[in-house]
Every structure is written in structure tokens, then in C-alpha cells.
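Fold and contact review
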Amino acid sequence: MNLSGMPFRKWTESLNIPHTNCLIVYDTMHLDFGLLRIREKGSSGGHNGVANVHQQLKTEKIPQLRIGIGKPAEGESIIQFVLEKFSQDQMNALPAVMKRANDCILSFISEGTDAAMNKHNNKK
């Protein structure tokens, strides 16, 4: 994921796809577990893979869907946190989270970013 910018750039260039028609979907610690936030553009928020996409495309004007995974416990390393398995409660909630993310992606495709933002941002 950390070096996904070049393949993304080559793919969009080879198919002549505008970046605004793409959606980067990724996890973030900046949202509570299960929250969704879709935006027309934005910074990487410290996510190395998204930063690499921005670097390769020389823009942050790419729609993004962020899926919250929550924050690590105090004293827990970020690397350990993002690589560990979900808790049982999170595993139980995951199908509903993924359903909402899928619905958000379909809204983005069929209705555009604004409609997807209005319907899906910060909903649990």
C-alpha cells in the first residue's frame, strides 16, 4: 500500500481516467471505529499509501473514503495497532461497516461525491 502511487498513476493514465472519477478507500486512526468520511479531496492524514498517491499525481484533488479504525491504546505503537487483529466486538460490527462503505461507494459512483457525503459521512 505504501508505494501504490505509481501503479495508480499508470493505471489512470493508461485508461485516461480523470482522478476525480477515482475513489481512494483506506483506513484511518483519525476516526472512531466504523465511522465513514468521504471527501472530494484532502491530505493523506499521515497515511503513507495515500501520501504516495498524492506525490505521484502531484495533487490532493482525488476523492477519498476513509474508514475509521479508532486509535491505539495509550503506549501502544501505531505500527502494532494497525497490524493487529480486530477485537471480537469489532469483528461482529465489521459486516455492517463494510455494507455502509459499499453503499457509500455506490452512491459516489451513481450520484457523485456531494450526495455520498450527505448520505454517509459520520454515520455509524
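Let me begin by describing the structure that accompanies this report. Note that the structure is predicted; figures quoted are calculated from it, not measured.

Cut-offs applied
Residues numbered from 1 in each chain as written. Predicted model: local features only at pLDDT ≥ 70, side-chain atom pairs only at ≥ 80, totals over all residues. Heavy atoms only, no water. Salt bridge = Lys/Arg side-chain N within 4 Å of Asp/Glu carboxyl O. Helix = DSSP H or I, 4+ residues; strand = E, 2+ residues; numbered from the N terminus. Buried < 20%, exposed > 50% of the residue type's maximum accessible area, 1.4 Å probe, protein only. Core = buried A, V, L, I, M, F, W, Y, C linked by side-chain atoms within 4.5 Å. Pairing = 2+ DSSP bridges. Axes fitted to C-alpha atoms, helices over the stretch in contact; angles between N-to-C directions. Arc of directions from axis to C-beta. Contact = heavy atoms within 4.5 Å. 1 Å grid on protein atoms, 1.4 Å probe; cavity = no way out; pocket = protein on both sides within 12 Å on 5 of 7 lines; lining within 4 Å. Points joined across faces, edges and corners; volume = space filled by probe spheres on them. Nonpolar A, V, L, I, M, F, W, Y, C, P; charged D, E, K, R; others polar.

Digging into the pattern of salt bridges
- If you walk through the whole model with that rule in mind, you get 3 salt bridges.
- With a closest N to O distance of 2.9 Å, D103 and K99 form a salt bridge. Placement of both D103 and K99 in helix α4 (residues 88-111) is noted, with a separation of 4 residues, approximately one turn of the helix.
- Where K119 meets E111, a salt bridge forms, and the shortest distance between an N and an O atom there is 2.8 Å.
- You can call K119 partly exposed: its relative accessible area is 42%.
- You can call E111 partly exposed: its relative accessible area is 43%.

Some words on the nonpolar core
- Membership of the largest hydrophobic core is limited to 11 residues, which are L23, F33, L36, I38, L65, I67, V97, A101, C104, F108 and A116.
- Counting residues per element, the ones that place at least two in this core are β2 (36-39), β3 (64-68) and α4.
- With 4 residues, α4 is the single largest residue contributor to this core.
- Ranked by size, the runner-up nonpolar core spans 8 residues in total, among them Y26, V50, L57 and I62.

Describing the sheet that holds β3
- In space, the 3 strands of this open sheet follow the order β1-β3-β2, with mixed pairing throughout. On the outer flanks of this sheet lie β1 (24-28) and β2, each paired with one strand and no other. Geometrically, the sheet is characterised by an average inter-axis angle of 20 degrees between neighbouring strands, direction not taken into account.
- Two elements, β2 and β3, share 4 bridges in a ladder whose sense is antiparallel. Counted as the bridge partner of R37 is R66 from β3.

So, helix α5 (residues 113-120)
- For α5, the set of buried residues is T113, A116 and H120. Around the axis of α5, the buried residues are gathered within 65 degrees of arc, so they sit on the same side.
- On its buried face, α5 sits against β2 and α4.
- In the segment just after α5, N122 is the residue with positive phi, at about 60 degrees.

Thoughts on the layout of surface pockets
- Roughly 410 Å³ of volume is contained in the largest pocket.
- At the level of secondary structure, the elements contributing two or more residues to the lining of the largest pocket comprise β1 and α3 (78-83).
- The greatest single-element share of the lining of the largest pocket, amounting to 4 residues, is contributed by β1.
- The class makeup of the residues in the lining of the largest pocket is 8 nonpolar, 8 polar and 1 charged.

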